[in-house]
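# Chains, contacts and geometry: an overview
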Amino acid sequence: MAGPTVEIEIKAQLRGLRTQLRQVEKQLGDVSKTSKKTGSVISGIFGGFAGGVTRAAAQLTILRAGFQAVTAIVSPLVRTFTTFENGLVGVAKTTGLAGEELKSLGDELLKLSTTSVPIAQEELFEIAQIAGQLGITGSDNILKFTETVGKISQVTDLTADQAAESFARILNVTGESIDTVDRLGSVINKLGNSFAASESQITRVLNEVVRGTAAFGVSSKEAAGLATALASVGVRAEAGGSATSRAFIAIQTAISNGGESLQKFSRLTGLTAEELRKQFAENATGVFQRFIQGLSNIQKAGGDLSAELKSVNLASTENFKVLAPLATGYDVLARSISTANQEYIDNTALNLEAQAGFNTLSATLQRLQNIFQTVIVRLGQVVFANKDVKAIIDITVQSFQTMLEALEDNTSSLSKFLSAAIKLGRYLAGGLLVIVDQVFSAFKALSETIGVTLGVVARAIAGDFSGATDALKAFEGGMNDVIKTSFSQNSALTDLGLGLLGVDEGTQKVTESQAKLEKQSTKTSEQISAVSAANI
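The rules behind each value
Residues numbered from 1 in each chain as written. Predicted model: local features only at pLDDT ≥ 70, side-chain atom pairs only at ≥ 80, totals over all residues. Heavy atoms only, no water. Helix = DSSP H or I, 4+ residues; strand = E, 2+ residues; numbered from the N terminus. Buried < 20%, exposed > 50% of the residue type's maximum accessible area, 1.4 Å probe, protein only. Contact = heavy atoms within 4.5 Å. Areas by Shrake-Rupley, 256 points an atom, 1.4 Å probe, with all protein chains shown as cover. Core = buried A, V, L, I, M, F, W, Y, C linked by side-chain atoms within 4.5 Å. Axes fitted to C-alpha atoms, helices over the stretch in contact; angles between N-to-C directions. Parallel < 35°, antiparallel > 145°, perpendicular 65-115°, else oblique. Nonpolar A, V, L, I, M, F, W, Y, C, P; charged D, E, K, R; others polar. Polar contact = N/O pair within 3.5 Å; in protein donor to acceptor, adjacent residues only side chain to side chain. Expected span 1.5 Å × (residues − 1). Salt bridge = Lys/Arg side-chain N within 4 Å of Asp/Glu carboxyl O. pLDDT = per-residue confidence, 0-100. Patch = residues over 30% accessible without salt bridge, like charges linked within 9 Å, V, L, I, M, F, W, Y side chains within 5 Å. Lys, Arg positive; Asp, Glu negative; His and termini not counted. Charge placed at Lys NZ, Arg CZ, Asp CG, Glu CD. Arc of directions from axis to C-beta.

Along the backbone of the chain there are 21 helices and zero strands. Taken across its 536 residues, the chain has 42% of its residues classed as buried. Here the analysis covers contacts within the chain between residues at least 6 apart in sequence; of these, 72% occur between residues at least 24 apart. Working note: accessible area of the chain is about 27,900 Å², and carbon and sulfur atoms make up 55% of it.

Take a look at the structure:
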C-alpha cells in the first residue's frame, strides 16, 4: 500500500512545482516587460532632454538678443533719471530742503543747464550740494550761488570747488548777504580781465585780505580791489593779507591813542586828525588808499620809505616788502579799487563773458545734451510715479528673490525656480508694455515741451524740423521693437521653463519605474526560493 501512496504524493508535488514554475516564468516575463518599459521611458526622457536642451539653447539665444536690445534702449534712460534723482538726494542732504521746495529747485537747476549755464547737469547739482555744505540756505540763494559759480568756473581759471568755497567764505567773513554772490563773481571776473593777475590769484589773496580787514568794515568789493593790486605787483597771498591787516591796525591805534603817530598819519593822508577819525570809521579802505598814496609821493620825491614806515610803527621787513611795492604801483591800487566799485554796481562782466563763452560749438552740444536729458527726466517723473509701474518693479524684485532662494536651498524643487522664472518673464513682458504705454502717454502730456525741444535742436543743428521729426519717428519705431522683443522674451522664458519642467516630471517617472522594478524582482526572488525549498 505504501508504494501507490508515495507515487500519488510525488505526482501531486510535481504538479505543484510545475504550477510554481509557470508563475515564476510569468513573473520573470513581467520583470522583463517592466525593464523594457523602464528603458524605453529612460531613453525617451533622455532623448527629450537632448531635444529640450537644443530648443532651450535656441530660446536662450533669442532671449539674450532680446534683453540686449531692451538694455540698449532702456539703460541710458534709466541711468539719466537715476543720476538726476541721486543729485537731488545729495542736495537734500546738505541743504535740508524737502518736498515741493526741493522739487522746484531741481527743476530750476535743470532749466539752468538748458539756458544760461550749459554745463553738465551733474556738476550743477554738485555745486548746489557744496552750497548747502557751506551753510547757504534758501532755494533762491542756492540757485543764484550755483549759477554764479557755474559761470565763473567756465570762463575763468577757477574751478567750481575753488569758487564755491572761496565765495561763500568771503561773504561770510565780510557779513554780506549771499544774494550778492553774483556781484562778487562779476567783480573778480572784471578785475581778472583788467589787471596782471588771474582770477584764481586774486581770489587767493582776497581770502587773506578779508580775514585781516573785515573787522574794519572793508567790503568784499573793496577787498577784491586791494587783493588785485597786491597780486598784480607780485605779493604772496599770506604776506599781503598780514601786512594789510597790520597797516589798518596801525591807523586805528593812532586814531585811538593820538599823539605823534596820529600826526604822522594825518600828514601822510592829507587829512586832519578829526577827518582821519571820521573817514576811517566810514571808509577805512579810502583812508588806507590815501596812506599808500602818501607813501608813493614820498618815494617819488626821493624820501626814505623805510623811515616813514618806522615812524608809524610799520618798520618790519615783512611790512616793507608789501607796502613798498604798493606805493610804487599806486596807480594800480587806485584803478583796481575804482574798477571793483564800478563793476559791483554794473554787474555785467561775468554775464557778458559767459554769453560769449557759451556761444561755442562745445557749449551748444552740451546744451543740446542737457535738453535731451531734461526730457528724459520729465518722462521718468511721469512714468515712475505711476502705480502700475511701481507694482511691476516690486513684482520683478520679488520674482528674482524667489529664484535666488530656490537656488540657495538645495532641497527646493526645480519647478519652484522655473515657476518664478516664468512668472518673471510674463511680468517683464507685460510690465514693459505698461512702461512703454506710460512713456507714450508722457510724450503726449509733454507735447509742448517736446515742441520747444525740437525747435532748439532744429535751430542748433539744421535750421528746420525735418531731422528732429525723423528722430522722433525713429524713437517711436524703436519703442515698437521693444514691445515685440518683450513678447519674444516672454515666449522664450515660457518655452524654456516648460521644457525643463517636463524633464523634472520625466525624472520622477524614472524613479517610480525603478521602484516598481525593484519590488517585482524581490517578489520573484522570493518565489524561486520557495520552489527550491520544495524540491529539497
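There's more to say after this.
Formed by 96 residues in total, the largest nonpolar core has its most connected members in Phe145, Leu206, Phe288, Phe291 and Ile292. Among the elements that make up this core, the one with the highest residue count is helix H9 (residues 237-257) (eight residues).

With that settled, consider the environment of glutamate 282. Along the polypeptide, glutamate 282 turns up in helix H11 (residues 273-282). Note on glutamate 282: relative accessible area 61%, which makes it exposed. A C-alpha to C-alpha distance of 9.8 Å links glutamate 282 and valine 218, two positions 64 residues apart in sequence.

Right, let's talk about the environment of glutamine 133 for a bit. In this fold, glutamine 133 is placed in helix H3 (residues 121-133). You can call glutamine 133 exposed: its relative accessible area is 58%.

Let's shift gears to the packing of helix H10 (residues 259-269) against helix H12 (residues 284-300). In the contact formed by H10 and H12, the axes pass within 7 Å of each other and the chain directions differ by 80°. One element, H10, and the other, H12, form an angle in the roughly perpendicular class. Every residue of H12 that contacts H10 at Phe265, Arg267, Leu268 and Thr269 is listed here: Val287, Arg290, Phe291, Gly294, Leu295 and Ile298. Residues of the contact of H10 with H12, tallied by class, amount to six nonpolar, two polar and two charged.

Our focus in this paragraph is unusual backbone geometry. Notably, asparagine 313 is not glycine yet its phi reads approximately 65°, a positive angle. Among the residues examined, asparagine 313 registers a relative accessible area of 62% and is labelled exposed. Not every positive phi belongs to a glycine, and asparagine 347 is a case in point at roughly 55°. As for its placement among the helices and strands, asparagine 347 is situated in the loop between helix H15 (330-346) and helix H16 (349-357). Overall, asparagine 347 belongs to the buried group, its relative accessible area being 15%.

Right, let's talk about the side chain of serine 166 for a bit. Along the polypeptide, serine 166 turns up in helix H5 (residues 160-174). At a separation of 2.9 Å, a polar atom in the side chain of serine 166 contacts the main-chain carbonyl oxygen of glutamine 162. Once residues within four sequence positions are removed from consideration, serine 166 is found in contact with Thr203 and Asn207.

Our focus in this paragraph is H9. When the terminal C-alpha atoms of H9 are compared, their 30 Å separation across 21 residues agrees well with the 30 Å that a helix rising 1.5 Å per residue should span. Of all the residues in H9, the buried ones are Ala237, Gly240, Gly241, Ala243, Thr244, Ser245, Ala247, Phe248, Ala250, Ile251, Ala254 and Ile255. Turning to H9, the residues buried within the fold contact helix H7 (199-213), helix H8 (220-232), H10, H11, H12 and helix H14 (317-328). Looking one or two places after H9, you find glycine 258, whose phi comes out positive at around 70°.

Two side chains carrying opposite charge are able to pair once their charged atoms lie near each other. For the structure on display, the rule yields eight salt bridges. Of the charged contacts, one joins aspartate 179 and lysine 144 as a salt bridge, the two residues approaching to 3.0 Å between their closest N and O atoms. Of this pair, aspartate 179 sits in the loop between H5 and helix H6 (181-194) while lysine 144 is found in helix H4 (residues 139-155), placing the two residues 35 residues apart along the sequence. Taking the relative accessible area as the measure of exposure, lysine 144 reaches 27% and is therefore partly exposed. For the salt bridge of glutamate 208 with arginine 211, the shortest nitrogen-to-oxygen distance reads 2.6 Å. Placement of the pair is glutamate 208 and arginine 211 together in helix H7, with a separation of three residues, close to one helical turn. Owing to a relative accessible area of 48%, arginine 211 belongs among the partly exposed residues under this scheme. Where salt bridges share partners, they join Lys103, Asp107 and Arg378 into one cluster.

All right, on to the confidence of the model for the chain then. Taken over all residues, the pLDDT of the chain has a mean of 78, while the share at 70 or more is 60%. By mean pLDDT, the top-scoring element of the chain is H8 (98), and the lowest-scoring one is helix H20 (residues 447-461) (47). Every residue in residues 452-469 is under pLDDT 50, and counting partners more than four places away or in other chains gives 14 contacts. Confidence drops under a pLDDT of 50 for residues 482-490, and excluding neighbours within four residues, the segment shows 21 contacts in the predicted structure.

Before going further, it helps to spend a moment on a negative patch on the surface. On the surface, Glu122, Glu126, Asp161 and Glu165 cluster together to form a negatively charged patch. Contributing elements (two or more residues each) for the negative patch: H3 and H5. The residue glutamate 126 is located in helix H3 in this model.

It is worth spelling out H16 at this point. Among the residues making up H16, those that are buried are Ala349, Leu350 and Ala354. The arc enclosing the buried residues of H16, seen along the axis, measures out at 120°, which places them on a common side. Pointing more than 90 degrees away from the buried face of H16 are the exposed residues Leu352, Gln355 and Ala356. Buried residues belonging to H16 abut H4, H6 and H15.

Contact geometry of H9 with H12 gives a least axis separation of 11 Å together with a crossing angle of 100°. In terms of their interaxial angle, H9 and H12 are classed as roughly perpendicular. Residues Thr244, Ala247, Phe248 and Ile251 of H9 pack against Ala284, Thr285, Val287, Phe288 and Phe291 of H12. When grouped by side-chain class, the residues that make up the contact of H9 with H12 number seven nonpolar, two polar and no charged.

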